[in-house]
Amino acid sequence: MDYRALAQKYDTPLYVYDFNEVAKNYHAVKNAFKARKSLVAYAVKANSNMSLLKLLADLGSGADCVSIGEVKRALLAGIPSYKIIFSGVGKRDDEIAEAIQKDILYINIESEAEAERVELIAKELGKVARVSFRVNPDIDPKTHPYISTGLSENKFGVDIETAKKLYLFAKKSPYLLPVGIHFHIGSQLTQLEPIKEASAIVAELAKSLQKIDIDLKFFDVGGGLGIRYKDEKTIEPYDYAQAILSTLSGTDYTIVTEPGRFIVGNAGVFLTRVLYEKQTASKRFIIVDGAMNDLLRPSLYDAYHEVEVVGKNGDATLADVVGPVCESGDFLAKDRLLPKTEHGDLIVVKSAGAYGFVMSSNYNTRPRPAEVALEDGKDRLIRERESFEYIIEKEIRFMV
Ligand SMILES: *Cc1c(COP(=O)(O)O)cnc(C)c1O
C-alpha cells in the first residue's frame, strides 16, 4: 500500500480497507467448514460500510445484525433475507416486527421476556417467526472483560435450563418456529478450549432437544475469532472448525458462524498526519489529526494498535500518539518507540478495519473520516469525508 499517495489523494484522517484481504479472510472461514453445510454470517457491526457489505454479498456471505438498521444495510447491499440473522439483547417492538416482515432467516432471542414479545408481535402480524435462542454456556472465553459475553454474569443469552423451557414454549406456539441454537462467548478469542467447551455444552442441549422432537437446522457458533494486533497467538480457522465439528458428530446441522473482526480487522488501516510534537517534563507527545472520535478502541478498551511513521526510521524514543480531542483519554498509542517526526509526517495505525469507523462520532464537531477501498491494485472512495454542514444539518433548521 502506498500510504503517502492515498493520504495525498484523499487527505487524512482516513480509513483504508484492502478488499482482496477481506475476500481472503471470508474464504478462509468458509473453507474451514467445507465438510458441512455452512453459512458465514458476517457480523455487520464490525464494519458496516455499504461497499464492504456489497463485496461480502457478492462472495455469498450472510449477515449477523444487531439492529434493524444493520438488517436494512445488509438487504440494500444485496445480502438475501434468508441469509440474515438478527441478534442483540434489546430489540424494540418495531425492529422485531420489521425483521419478521422482511422474512429473515431467524431472530436470535436472548431472554424469556423477548420470546414472549416476539410471539406477540408475530401473532399480531399473523406470521410465524423463525427463531433461535442464544444460550449462555457460562464459559470464560479468556479475553478482555468488556468483550467477554459467555459468562453467567454477562447480560447476554439465557442459561441451559431456561433455554430448554424456551424451546418448549416456542414448539407449542403457533407463531414461533425454533430453527436454530446460538452461542457467542466473546470477541477477540485466541484460545480454542473455551470455544470447544461452549460448543460441546450447546451441542448436548441441541441433541437433547432432538429427543423431544425439536429438530433444529442451524447450529450458530457466533463470532469472536481473534486477530493479531501485537503478538497474540491466534486461532487458525481450520482448527476452529475442527474444534466445533468435533462436538457435532452424528448431527447434520448447518453451521452458522458470525465472524466480524476476523474478516475486516487486519484488512484495514487508519492514516493520520502529524500536527506537532510536544515534549513535557515527563513525556513526549506526537499530536496527530486523528483522534478518539475517529478510532475509539485505544480509549475505550485500552486496545493496542501497531503504529508506524511512514518512511521514517531514525533514532526512536518513547512517545504517546495523541489526538486533538479535549480528553486525556484521547490517545491512539502509548509509550511507543518512534522516530522524531515533523509536521505532515504520515502515521499508519494498523489493524483498524474492525470496530474502527463504526464506533466513530462527531465529538468536538469533528467530521468523520473518509473511507477508501483497495481492490486489485486500484483505490476508490467508499465513504465521503463528512462536512461541517452535514454535521449540523439536523440542528440548524431548528435554530430560532
Ligand atoms: C459482536 C458479535 C459478533 C462478532 O464478533 P467478532 O469478535 O467481531 O467476530 C458475532 N455475533 C454476535 C452475536 C455479536 O454480538
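All figures in this text were calculated on a predicted structure; none of them were measured in a lab.

> Please give an account of the overall build of the protein that cites residues and values.
Looking only at helices and strands, one finds 12 helices and 17 strands in the protein. What you see for the protein is a C-alpha radius of gyration of 23 Å, in line with the 21 Å of a compact globule of 400 residues. Judged by the C-alpha coordinates and their principal axes, the protein covers about 70 × 55 × 40 Å. Out of the 400 residues in the protein, the part that is buried amounts to 55%. Considering only contacts in the protein between residues 6 or more positions apart, those separated by 24 or more positions represent 71%.

> An account of the nonpolar core is requested, with residue identities and associated values reported.
If you look at the biggest cluster of nonpolar residues, it comprises 98 residues, and the most contacted ones within it are F33, Y42, V118, I181, F219 and I347. Of all the elements, helix α8 (residues 192-211) adds the most residues to this core, at 7 residues. Both domains that furnish three or more residues to this core are identified here as domain 1 (3-14 + 266-396) and domain 2 (33-259). Residue contacts for F33: discarding those within four places in its chain leaves S38, Y240, A241, I244, L245, I255 and T257. Judged by nonpolar contacts, the second largest core, of 14 residues, contains A7, V269, V310 and A370.

> Just give me the short version of empty space enclosed by the protein, but keep the residues and values in it.
What the rule picks out here adds up to 2 cavities of 30 Å³ or more. One number sums up the size of the largest cavity: a volume of about 60 Å³. Every residue lining the largest cavity is listed: A99, I100, D103, I104, I107, V128, A129 and R130. Taken together, the elements giving at least two residues each to the lining of the largest cavity come down to α5 (93-101) and β6 (129-134). One number sums up the size of the second largest cavity: a volume of about 30 Å³. Lining of the second largest cavity is provided by F183, H184, I185, L189, I195, V221, G223 and Y240. Residue composition of the lining of the second largest cavity, grouped by class: 6 nonpolar, 2 polar and no charged.

> Account for the side chain of D220, with residues named and values stated.
Tracing the backbone through its elements, the reader meets D220 in strand β8 (residues 218-220). Of the buried charged residues, D220 lacks a salt bridge, with R134 as the closest side chain of opposite charge at 8.9 Å. Reaching out from D220, the side chain makes a polar contact with the backbone nitrogen of G222 at a distance of 3.0 Å. Sequence-distant contacts of D220, defined by excluding residues within four places in its chain, comprise I85, Y106, N108, I181, H182, F183, V256 and E258.

> Would you mind going over the site of the ligand in detail, with residue names and values included?
Around the ligand, the structure places 14 residues, and the nearest of them are K45, S187, E258, R261 and Y355. Relative to its unbound accessible area of 390 Å², the ligand is 93% covered by the protein chains. Class assignment for the residues of the shell around the ligand results in 3 nonpolar, 6 polar and 5 charged.

> Give me the pairing of strand β10 (residues 268-279): which residues, what numbers.
Judged from the 4 bridges that link them, strand β1 (residues 14-18) and β10 form a sheet pairing that is antiparallel. Bridging across to β10, V16 finds its partner in V269. Two elements, β10 and strand β15 (residues 346-349), share 4 bridges in a ladder whose sense is antiparallel. Of the residues in β15, the one forming a bridge with F270 is V349. Bridge analysis of β10 against strand β11 (residues 284-288) gives 5 bridges, and the strand direction is antiparallel. Residue pairing across strands places V274 opposite V288, the latter belonging to β11. Count of turn residues in the β10/β11 antiparallel hairpin: 4 residues.

> Which residues make up helix α2 (residues 19-32), and what values go with them?
Residue pairs spaced three or four apart in an α-helix point in one direction, given the helix's 3.6 residues per turn. A rise of 1.5 Å per residue sets the reference length of α2, with its 14 residues, at 20 Å; its end C-alpha atoms lie 20 Å apart and thus fit the reference within 8%. All buried positions along α2 are accounted for by F19, V22, A23, N25, Y26, V29 and A32. Put simply, D18 is the residue that caps the front of α2, since its side-chain oxygen is 2.9 Å from the backbone nitrogen of N20.

> Which residues make up the domain arrangement of the protein, and what values go with them?
According to the domain assignment, the protein consists of domain 1 (3-14 + 266-396) and domain 2 (33-259). For domain 1 and domain 2, the distance between their C-alpha centroids amounts to 33 Å. Taken together, the contact pairs 18 residues of domain 1 with 14 residues of domain 2. Buried area between domain 1 and domain 2, both sides added, is near 1,400 Å², and the carbon and sulfur share of it is 51%. Of all residues in domain 1, Y301, Y304 and Y355 bury the most surface against domain 2, accounting for 37% of the area lost on that side. Between domain 1 and domain 2 we count 0 salt bridges in total. The tally of links between domain 1 and domain 2 comes to 5 residue pairs in polar contact (both at pLDDT 80 or more). For the side of domain 1 that touches domain 2, the secondary-structure elements that each account for two or more residues are α11 (297-301), β16 (370-375) and β17 (378-383). The residue inventory of the side of domain 1 that touches domain 2, partitioned by class, reads 7 nonpolar, 5 polar and 6 charged.

Definitions and limits used
Residues numbered from 1 in each chain as written. Predicted model: local features only at pLDDT ≥ 70, side-chain atom pairs only at ≥ 80, totals over all residues. Heavy atoms only, no water. Helix = DSSP H or I, 4+ residues; strand = E, 2+ residues; numbered from the N terminus. Rg over C-alpha atoms; globule rule 2.2 N^0.38 Å. Buried < 20%, exposed > 50% of the residue type's maximum accessible area, 1.4 Å probe, protein only. Contact = heavy atoms within 4.5 Å. Core = buried A, V, L, I, M, F, W, Y, C linked by side-chain atoms within 4.5 Å. Domains from an automatic or database assignment. 1 Å grid on protein atoms, 1.4 Å probe; cavity = no way out; pocket = protein on both sides within 12 Å on 5 of 7 lines; lining within 4 Å. Points joined across faces, edges and corners; volume = space filled by probe spheres on them. Nonpolar A, V, L, I, M, F, W, Y, C, P; charged D, E, K, R; others polar. Lys, Arg positive; Asp, Glu negative; His and termini not counted. Salt bridge = Lys/Arg side-chain N within 4 Å of Asp/Glu carboxyl O. Polar contact = N/O pair within 3.5 Å; in protein donor to acceptor, adjacent residues only side chain to side chain. Near = heavy atom within 4 Å. Areas by Shrake-Rupley, 256 points an atom, 1.4 Å probe, with all protein chains shown as cover. Pairing = 2+ DSSP bridges. Expected span 1.5 Å × (residues − 1). Buried area = accessible area lost by both parts, 1.4 Å probe.

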